[in-house]
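# Fold and geometry: a report
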Amino acid sequence: MSDYEMMDKEEIYSKVLRAGRRTYFFDVRATKAGDYYLTITESKKFTNDDGSFHYKKHKIYLYKEDFTEFREILAEMTDYIINEKGEEVISERHQKDFKREDDFVAQEAKTPEDTKGTDSFTDISFDDI
């Protein structure tokens, strides 16, 4: 492989954003003509049943002629989301009625004695023990 072909495969400038199971790679690369373009790769980690893991990757290529419109639409969309829903992350786990699987198991395992009202408990302070 010649130096020119090698340079075509190298990243000119790179940044990495790690976000939980996802990692985003931002790479400036060179075209054969020597111009630059951007690749954005999302890599997501998946765990197999046997405990091993694999990654799924998705890549987009962004060329200079699309930068202005891409940036404008990205800003518009991200601003819209923040304006509509705020910056706090809302997920199923944050919903009042969200129940995890193990919550259902724990509820089923309770005996009638476990579900008695609090009126059967005695109020004891640590000083009394």
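About the cut-offs
- Residues numbered from 1 in each chain as written.
- Predicted model: local features only at pLDDT ≥ 70, side-chain atom pairs only at ≥ 80, totals over all residues.
- Heavy atoms only, no water.
- Patch = residues over 30% accessible without salt bridge, like charges linked within 9 Å, V, L, I, M, F, W, Y side chains within 5 Å.
- Areas by Shrake-Rupley, 256 points an atom, 1.4 Å probe, with all protein chains shown as cover.
- Salt bridge = Lys/Arg side-chain N within 4 Å of Asp/Glu carboxyl O.
- Buried < 20%, exposed > 50% of the residue type's maximum accessible area, 1.4 Å probe, protein only.
- Helix = DSSP H or I, 4+ residues; strand = E, 2+ residues; numbered from the N terminus.
- Contact = heavy atoms within 4.5 Å.
- Lys, Arg positive; Asp, Glu negative; His and termini not counted.
- Pairing = 2+ DSSP bridges.
- Phe/Tyr/Trp six-rings, centres within 6.5 Å; stacked < 30°, edge-to-face > 60°.
- Lys NZ or Arg CZ within 6 Å of the ring centre and 35° of its normal.

The name an unreviewed UniProt entry assigns to the protein chain is PUR family DNA/RNA-binding protein, from the organism Winogradskyella pulchriflava.

## With respect to a nonpolar patch on the surface
Together, I12, Y13 and Y36 make up a nonpolar patch on the protein surface, roughly 310 Å² of accessible area in all. A relative accessible area of 53% means that Y13 is categorised as exposed.

## A short note on the pattern of salt bridges
Using the criterion set out here, one finds 2 salt bridges in the structure. Here R22 ties to E42 by a salt bridge, and the two come within 2.8 Å at their closest N and O atoms. Residue R22 is found in strand 2 (residues 22-30), and its partner E42 is found in strand 3 (residues 36-47); the two are separated by 20 residues along the sequence. Residue R22 is classed as partly exposed on the basis of its relative accessible area of 31%.

## Here we look at the side chain of T41
Within the fold, T41 resides in strand 3. In this structure, T41 is in contact with T23, Y24, F25, K57, H58 and K59, ignoring residues within four places of it in sequence.

## Some words on the side chain of D27
Turning to its location among the elements, D27 is positioned in strand 2. No salt bridge is formed by the buried D27, whose closest oppositely charged neighbour, R29, lies at an N-O distance of 4.0 Å. With sequence-adjacent residues up to four places away left out, D27 is seen in contact with E11, Y13, S14, Y37, L38 and T39.

## Some thoughts on the pairing of strand 3
Relative to strand 3, strand 2 runs antiparallel, the two sharing 9 bridges. Bridge pairing links R29 to Y37 in strand 3. Relative to strand 4 (residues 53-63), strand 3 runs antiparallel, the two sharing 11 bridges. When the sheet's bridge partners are listed, T39 is paired in strand 4 with Y61.

## What about the packing of aromatic side chains?
The final tally for this structure, using the stated rule, is 3 aromatic pairs. Plain terms: the ring middles of F53 and Y55 are 5.8 Å apart, the flat faces sit at 85 degrees to each other, and that makes the pair edge-to-face. Connected via pairs of aromatic rings, a cluster forms that spans Y37, Y61 and Y63. The lysine or arginine in question, K45, covers the ring of F53, its NZ or CZ lying 4.1 Å from the ring centre.

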